[in-house]
Amino acid sequence: MSNHGTALTPGQRAEFLKAGIGALTLLSHDPNLDPVIADSWAHNGEAMLRGFGGLLIPPPAQLASGIVKTSIVVIGGGRTTDQIVETARKLEGKDRPSYINEAITQGNMPSGNGRRRPVVIEWFGFDHDPTTGEVRARCEEPGCGYPTYEDGLRFQEDHPDDQRQRPHIVIPENPWCDANGYPRALGLWSGGGGRELDLDGCDLADGWYRGCLFARRKYLL
């Protein structure tokens with residue numbers, strides 16, 4: 001036994017994280033708590049979960065799976081897409097996006113519904129230029145699901161450095177379609193040390209280059 005005790009198994013780590021998420025959610029929504037204290041606890045809980053994420057759910061070692069990393073983002077709580085975009089526009093320096101697609105709005109891609117809660121996102125890549133169909137198939141694997149636009153928008157707030165290193169793509173199960181009826185994915189693009197929030201075609205046959213990472217929800221069973 002080490003000085004830190006016996007290491008948790010992957011299943012035990014997942015159960016511990018699941019219990020922690022539930023407890024923090026209940027605490028931050030307790031009606032008997034002072035609203036200021038509750039909000040503080042919620043924010044501290046979000047920071048703790050993001051910090052523990054890499055420890056409790058480390059990226060799988062098997063490179064063949066294509067899983068590059070795991071992230072925790074907090075969604076809900078009434079914070080809209082328009083507010084997220086407005087915050088991004090007010091950033092300064094390298095963190096401020098050089099371009100934000102004008103169609104990224106609350107009306108087209110709503111955010112903030114439900115209570116504030118954390119979700120686990122896995123980012124995966126390919127050793128070839130994949131199609132949208134291939135990406136969707138990975139989202140439908142057991143224990144996984146599709147991400148939402150909100151997942152990606154909150155991720156780019158918390159992890160701007162990740163976006164600058166490599167493009168991150170979010171393809172929802174039912175993507176928003178433009179005026180021509182074409183489905184659009186959220187593209188967190190990078191270039192020249194900067195970043196962009198854009199929308200890209202994601203028809204089943206559309207292709208992506210192998211440098212991209214793609215999001216999927218990971219469910220703790």
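The structure we're discussing is the one just above.
Conventions adopted
Residues numbered from 1 in each chain as written. Predicted model: local features only at pLDDT ≥ 70, side-chain atom pairs only at ≥ 80, totals over all residues. Heavy atoms only, no water. Helix = DSSP H or I, 4+ residues; strand = E, 2+ residues; numbered from the N terminus. Buried < 20%, exposed > 50% of the residue type's maximum accessible area, 1.4 Å probe, protein only. Contact = heavy atoms within 4.5 Å. Axes fitted to C-alpha atoms, helices over the stretch in contact; angles between N-to-C directions. Parallel < 35°, antiparallel > 145°, perpendicular 65-115°, else oblique. Left-handed = near helix turned anticlockwise from the far one by under 90°. Nonpolar A, V, L, I, M, F, W, Y, C, P; charged D, E, K, R; others polar. Phe/Tyr/Trp six-rings, centres within 6.5 Å; stacked < 30°, edge-to-face > 60°. Arc of directions from axis to C-beta. Core = buried A, V, L, I, M, F, W, Y, C linked by side-chain atoms within 4.5 Å.

A. Fine view of the overall build of the chain. What the chain contains, in helices and strands, is six helices and eight strands. The N-to-C order of helical and strand elements in the chain reads α-α-β-α-β-β-α-β-α-α-β-β-β-β. For the chain, with 221 residues in total, the buried portion stands at 45%. Considering only intrachain contacts with a sequence separation of at least 6, the fraction spanning at least 24 residues in the chain is 73%.

B. Layout of the packing of helix α3 (residues 81-90) against helix α5 (residues 149-158). In the contact formed by α3 and α5, the axes pass within 11 Å of each other and the chain directions differ by 25 degrees. Classified by the angle between their axes, α3 and α5 sit roughly parallel to one another. The way α3 lies across α5 gives a crossing that is left-handed. Together, T81, I84 and T87 of α3 and L153, R154, Q156 and E157 of α5 make up the contact between the two elements. A per-class count over the contact of α3 with α5 returns two nonpolar, three polar and two charged.

C. Main features of α5. A large share of α5 lies buried, amounting to eight of its ten residues. Here α5 has its buried residues at Y149, E150, D151, G152, L153, R154, F155 and Q156.

D. The arrangement of the environment of G152 in detail. When you line up the elements, G152 lands in helix α5. Residue G152 is classed as buried on the basis of its relative accessible area of 1%. A sequence separation of 20 residues divides G152 from P172, and the C-alpha atoms of the two residues are 10.0 Å apart. Filtering out sequence-adjacent residues up to four positions away, G152 remains in contact with V170, L186 and L188.

E. Local environment of the environment of D158. Note that D158 resides in helix α5. Classification of D158 as partly exposed rests on a relative accessible area of 29%. Taking the C-alpha atoms as reference points, D158 and V73, 85 residues apart in sequence, are found 7.8 Å from one another.

F. Quick peek at the packing of aromatic side chains. Tallied over the entire structure, the rule returns six aromatic pairs. Seen from their ring centres, W123 and F155 are 4.7 Å apart, and the 45 degrees between their planes marks the pair as tilted. Of this pair, W123 sits in strand β3 (residues 117-124) while F155 is found in helix α5, placing the two residues 32 residues apart along the sequence. A relative accessible area of 1% means that W123 is categorised as buried. According to the relative accessible area criterion, F155 is buried, its value standing at 1%. Taking 5.9 Å as the distance between ring centres and 70 degrees as the angle between the ring planes, the aromatic pair formed by F126 and F214 counts as edge-to-face. Taken together, the residues F126 in the loop between β3 and α4 (132-139) and F214 in strand β8 (residues 213-218) connect sequence positions 88 residues apart. F214 shares its class with F126; the two are buried.

G. α4, seen in detail. Looking only at α4, the buried set comprises T132, V135, R136, R138 and C139. Down the axis of α4, the buried set is contained in an arc of 155 degrees. They therefore lie on one face. Looking at the buried positions of α4, the neighbouring elements they touch are β1 (67-75), β3, β4 (144-145) and β8.

H. Inspection of the nonpolar core at higher detail. Residues I104, W123, L186 and L199 are the most contacted members of the largest nonpolar core, which totals 23 residues. Those elements giving two or more residues to this core turn out to be β1, α3, β3, α5, β6 (184-191), β7 (194-201) and β8. Non-local contacts of L199, meaning those with residues more than four positions away in its chain, are made with N101, A103, I104, M109, W176, R184, A185 and L186.

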